[in-house]
Amino acid sequence: MCDQTFVAATFGPCENCTKPSPLLNIYIKSEPINYCSFCVEQMACEGLTAGESLASLKRESESLKKKLDEERNKLSDVQLHQLAEKVEALSSLSVKTRRVLKGHNNKVLNMDWCKDKRRLVSSSQDGKVIVWDAFTLNKEHGVSLPYTWVMACAFAPSGCAVACGGLDNRCSVIPLSLDPNENLAAKKKAVAMHTNYVSGCVFTNSDVQLLTSSGDGSCALWDIESGQLLQSFHGHTADVLSLDLAPSETGNTFVSGGCDKKANVWDMRSGQNIQSFESHQSDINCVKYYPSGDAFASASDDATCRFYDLRADREVAVYEKDSIIFGASSVDFSFSGRLLFAGYNDYTINVWDVLKGSRVSALFGHENRISRVRVSPDGTALCSASWDNTLRIWA
């Protein structure tokens, strides 16, 4: 996702040697410290026993990683499509564009459905967040933000607020009003603060907590009322591009994917990384839980989508074709979980049979890359956001 990745360099006094230099923002037991590269290397060498070096520790780490992969592969007896050979194949889908939402003046970067199955929110490079009525195509609310590249947006479970964030490194919550003339931008409340751009946000199962992902390589859980950081999640070694909350109402886990090619599963209570998967060859642009919460899918710039079973602790399916050479930017499951909708950088949406691993259909209509696909809460419609400045509703 190279054209949506930004680098923020920090220059200032090192917290260890106090010399002004480019700083590395690293975390020790969840506490951020800003050291220069020399002090970071010096700190890494402290506590090494005789005969140990950073290179030897790195080699040991790699060998342990290989052993873990070997143990995983011993349990890898069969792929999902082999188990599903006797399952009846799906008939061809008849999915068409039913609505085209026009109102943004630049690339639409993200969108989310409201729980009422009718409204949706979209964010764009033009700095606008728009709340739509998907039935009538009316724009219920429009908020202009003082920055461009609004890369994240989400509806609150109650439908009474939306969250948004992007290049200002913050995630803000905007309460929605019944008065169409009210200035919503003035009611905007900054809740989350990262040290790099905000790439994703999602409300937990209430309006009181917000989960965010960022280009600073971390995810964080925030209290909306006080703006207090409740828990931080550090484990990615590059930009985190996407996150998704487990679908269960009592679910305490979420999954994140990023530029380090890893998909990590986290425990929200402890802040610990409880599972990690690294089989993609390039950036992971999107992760999405299976409706049951026992598995998740990922979309990557390597032109594949992959399906991971959390109980088996491994990848069980890959969705790819030789003719598909462009990166996948977004994925979502149908209401039943049998179909996987994937948006690609070649302007298409491919529909995959989750069990058999075959492509069922391809949807055409957008004139630029797809940035987000989301199935409505009742499963009757699919909305896609694109860099062609529009959103489309398929049914």
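Definitions and limits used
- Residues numbered from 1 in each chain as written.
- Predicted model: local features only at pLDDT ≥ 70, side-chain atom pairs only at ≥ 80, totals over all residues.
- Heavy atoms only, no water.
- Helix = DSSP H or I, 4+ residues; strand = E, 2+ residues; numbered from the N terminus.
- Buried < 20%, exposed > 50% of the residue type's maximum accessible area, 1.4 Å probe, protein only.
- Salt bridge = Lys/Arg side-chain N within 4 Å of Asp/Glu carboxyl O.
- Core = buried A, V, L, I, M, F, W, Y, C linked by side-chain atoms within 4.5 Å.
- Contact = heavy atoms within 4.5 Å.
- Pairing = 2+ DSSP bridges.

Chemist: Is there a simple way to explain unusual backbone geometry in this structure?
Modeler: Glycine aside, residues mostly have negative phi angles, and peptide bonds mostly take the trans form. Backbone geometry places Asp313, a non-glycine residue, at a positive phi of 60°. Considering the arrangement of structural elements, one finds Asp313 in the loop between strand S23 (305–309) and strand S24 (314–319). Judged by its relative accessible area of 25%, Asp313 falls in the partly exposed class. Phi at Tyr347 is positive, roughly 80°, even though this residue is not glycine. With respect to the helices and strands, the residue Tyr347 is situated in the loop between strand S26 (339–344) and strand S27 (349–353).

Chemist: Is there a simple way to think about the pattern of salt bridges in this case?
Modeler: Opposite charge on two side chains permits them to pair, given that their charged atoms come into close proximity. If you walk through the whole model with that rule in mind, you get 10 salt bridges. Arg119 is the salt-bridge partner of Asp116, the closest N and O atoms lying 2.9 Å from each other. Here Asp294 and Arg311 are joined by a salt bridge, their closest N and O atoms 3.5 Å apart. Taken together, the positions of Asp294 in the loop between strand S21 (284–289) and strand S22 (295–300) and Arg311 in the loop between S23 and S24 put the pair 17 residues apart, joining distant regions of the chain. Judged by its relative accessible area of 29%, Asp294 is partly exposed. Salt bridges linked by common partners bring Asp116, Arg119 and Glu140 together as one network.

Chemist: Can you help me understand the nonpolar core in this one?
Modeler: In a soluble, globular protein the nonpolar side chains are often hidden away together inside. Judged by nonpolar contacts, the single largest core of 20 residues is most densely connected at Cys305, Phe307, Tyr319, Val331 and Leu340. When contributions to this core are tallied by element, the ones reaching two or more residues are S22, S23, S24, strand S25 (328–333) and S26. The contact partners of Leu340, leaving out residues within four places of it in the chain, are Ala297, Cys305, Tyr319, Val331, Asp332, Phe333, Asn350, Val351, Trp352 and Val354.

Chemist: What am I meant to see in the pairing of strand S7 (residues 128–133) here?
Modeler: Look at any regular strand and the pattern is simple: side chains alternate between the two faces of the sheet. Along S7, five of the six residues are buried, which leaves the element largely enclosed by surrounding structure. Direction of pairing for strand S6 (residues 119–124) relative to S7: antiparallel, over a ladder of five bridges. When the sheet's bridge partners are listed, Arg119 is paired in S7 with Asp133. Taking the residues between adjacent antiparallel strands as the criterion, S6 and S7 are bridged by three residues, where Gly127 takes a positive phi near 85°. Pairing of S7 with strand S8 (residues 139–144), which is carried by five bridges, proceeds in the antiparallel orientation. Along S8, the bridge assignment pairs Val131 with His141.

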